[in-house]
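# Observations on chain architecture
Each chain is listed here by its residues.
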Amino acid sequence: MKKLIFSVIATLFISNSISFSDVVNAEENANYSTTEKQYEYTLKYNYAEIYTLLKLTEVEFNLYWQQGLSIAEMAEKQGIERSVLEEYFVTFHHKVLREWQIRDEVPEHLYFTQVYRLKDEINEFIDRNPNKDQAQK
């Protein structure tokens, strides 16, 4: 019985030691990432191109925007498929990211991380309108 209790305690100690080691490694990795140069992925859209894509004037776009419509909703209202919007924004982002990569302004691993997140970010952008809540009141 004593051997059984000893082996259970030893097993728990060893498993806790491994978990603690993983925590230490995670903290060391976290500290490493904070010493890297910080990169922020921001860009400015060419809204004249977006108006043209949506077949809207700037005035019409702004009116829809004030009414709370997202870019995706404007496109739908204009009979433009979502895939056309996605293609435009993917192409736009890819062009900017490639320029940054060519100029060596962003490390390769961050370039691929951003490419991986691109679809979610585009969908969030074209579906968003901060005026939506205010327009519904």
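The structure displayed is predicted, hence computed values, not measured ones.

## Remarks on helix H6 (residues 108–127)
- With 20 residues, H6 should reach 28 Å at 1.5 Å per residue; the first-to-last C-alpha distance of 29 Å fits that figure.
- Its maximal kink placed at Leu118, H6 deviates by approximately 50 degrees.
- Within the sequence span of H6, burial applies to Tyr111, Gln114, Leu118, Ile122, Asn123, Phe125 and Ile126.
- The secondary structure elements touched by the buried residues of H6 are helix H2 (47–54), helix H4 (71–77) and helix H5 (82–102).

## Focus: the environment of Ile126
- Structurally, Ile126 can be placed in helix H6.
- It is 9.6 Å that separates the C-alpha atoms of Ile126 and Ala75, two residues lying 51 residues apart in sequence.
- Residues contacting Ile126, with those up to four places away along its chain left out, are Ser70, Ile71, Ala72, Arg82, Leu85, Glu86 and Phe89.

## Description of the pattern of salt bridges
- With the rule as written, the count across this model stands at three salt bridges.
- For Glu86, the salt bridge is made with Arg82, and the minimal N-O distance between the two is 3.3 Å. Residue Glu86 and its partner Arg82 are located together in helix H5, separated by four residues, close to a single helical turn.
- The class of Arg82 is partly exposed, set by a relative accessible area of 33%.
- Here the salt bridges do not stand alone but share partners, grouping Arg82, Glu86 and Asp127 into one network.

## A short note on H5
- Along its 21 residues, H5 runs 30 Å from first to last C-alpha, staying within 8% of the 30 Å computed at 1.5 Å per residue.
- Listed as buried for H5 are Leu85, Tyr88, Phe89, Phe92, His93, Val96, Leu97, Trp100 and Gln101.
- Check the buried side of H5 and you find it contacts H2, H4 and H6.
- Looking one or two residues beyond H5, the residue adopting positive phi is Asp104, at roughly 60 degrees.

## Brief notes about the packing of aromatic side chains
- Here the structure, examined in full by the defined rule, presents 11 aromatic pairs.
- Seen in terms of ring centroids, Tyr45 and Tyr47 are 6.5 Å apart; in terms of plane orientation they differ by 85 degrees. Their pairing is edge-to-face.
- On the basis of relative accessibility, which here comes to 32%, the residue Tyr47 falls in the partly exposed class.
- When the ring of Tyr51 is compared with that of Phe61, the centres are 5.1 Å apart and the planes differ by 55 degrees; the resulting orientation is tilted. Of this pair, Tyr51 sits in helix H2 while Phe61 sits in helix H3 (residues 58–66), and the two are 10 residues apart along the sequence.

Rules and cut-offs
Residues numbered from 1 in each chain as written. Predicted model: local features only at pLDDT ≥ 70, side-chain atom pairs only at ≥ 80, totals over all residues. Heavy atoms only, no water. Helix = DSSP H or I, 4+ residues; strand = E, 2+ residues; numbered from the N terminus. Expected span 1.5 Å × (residues − 1). Bend = angle between axes of the 7 residues up to and from the residue. Buried < 20%, exposed > 50% of the residue type's maximum accessible area, 1.4 Å probe, protein only. Contact = heavy atoms within 4.5 Å. Salt bridge = Lys/Arg side-chain N within 4 Å of Asp/Glu carboxyl O. Phe/Tyr/Trp six-rings, centres within 6.5 Å; stacked < 30°, edge-to-face > 60°.

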